[in-house]
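# Structure assessment
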Amino acid sequence: MLMLPAILTHAEVRDILRLFRETLDQASAAHGQDAVLLTVDGSGLQQFDSSALAVLLECQRMARAKGRAFAVQSLPPRLMELAKLYGVDGLLQSA
């Protein structure tokens, strides 16, 4: 599971994607080709911009490229409203 930080704006994107890539690689090493659900937890997220949505969608793309299931949990209501505004709320599956 990847816990999102309190702040996720454009400045943090590179680090978050690197952490997710590492988490994905660790899951692949530990579980081989067995299906693994990779979850991103947004319960600690307090300050964000639309970059947070881009990060979530990229994490989903990376997980699927590795044959892994992907889900999000505990996203702040304001982020879900932003996802609806951009029309991507249906792409973010809740765990």
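Structural notes, computed from the coordinates. All values derive from a computational prediction rather than experimental measurement. (Residues numbered from 1 in each chain as written. Predicted model: local features only at pLDDT ≥ 70, side-chain atom pairs only at ≥ 80, totals over all residues. Heavy atoms only, no water.)

## A short note on the overall build of the protein chain
Along its length, the protein chain carries three helices and five strands. The C-alpha radius of gyration of the protein chain comes to 13 Å, within 12% of the 12 Å expected for a compact globule of 95 residues. Viewed in the frame of its principal axes, the protein chain has a C-alpha envelope of about 35 × 25 × 20 Å. Looking at the protein chain as a whole, 42% of its 95 residues qualify as buried. Partitioning the contacts of the protein chain with sequence separation of at least 6, the portion at a separation of at least 24 is 76%. One way to put it: in the protein chain the 9 positive side-chain charges average out to a point 4 Å from where the 10 negative ones average out. (Helix = DSSP H or I, 4+ residues; strand = E, 2+ residues; numbered from the N terminus. Rg over C-alpha atoms; globule rule 2.2 N^0.38 Å. Buried < 20%, exposed > 50% of the residue type's maximum accessible area, 1.4 Å probe, protein only. Contact = heavy atoms within 4.5 Å. Lys, Arg positive; Asp, Glu negative; His and termini not counted. Charge placed at Lys NZ, Arg CZ, Asp CG, Glu CD.)

## Side note on the environment of Lys66
Mapping Lys66 onto the fold places it in the loop between helix 2 (51-65) and strand 5 (69-73). With a relative accessible area of 41%, Lys66 lands in the partly exposed category. The sequence separation of Lys66 and Met1 amounts to 65 residues, and the corresponding C-alpha distance is 16 Å. Excluding residues that lie within four positions of it along the chain, Lys66 makes contacts with Leu24, Asp25 and Ser28.

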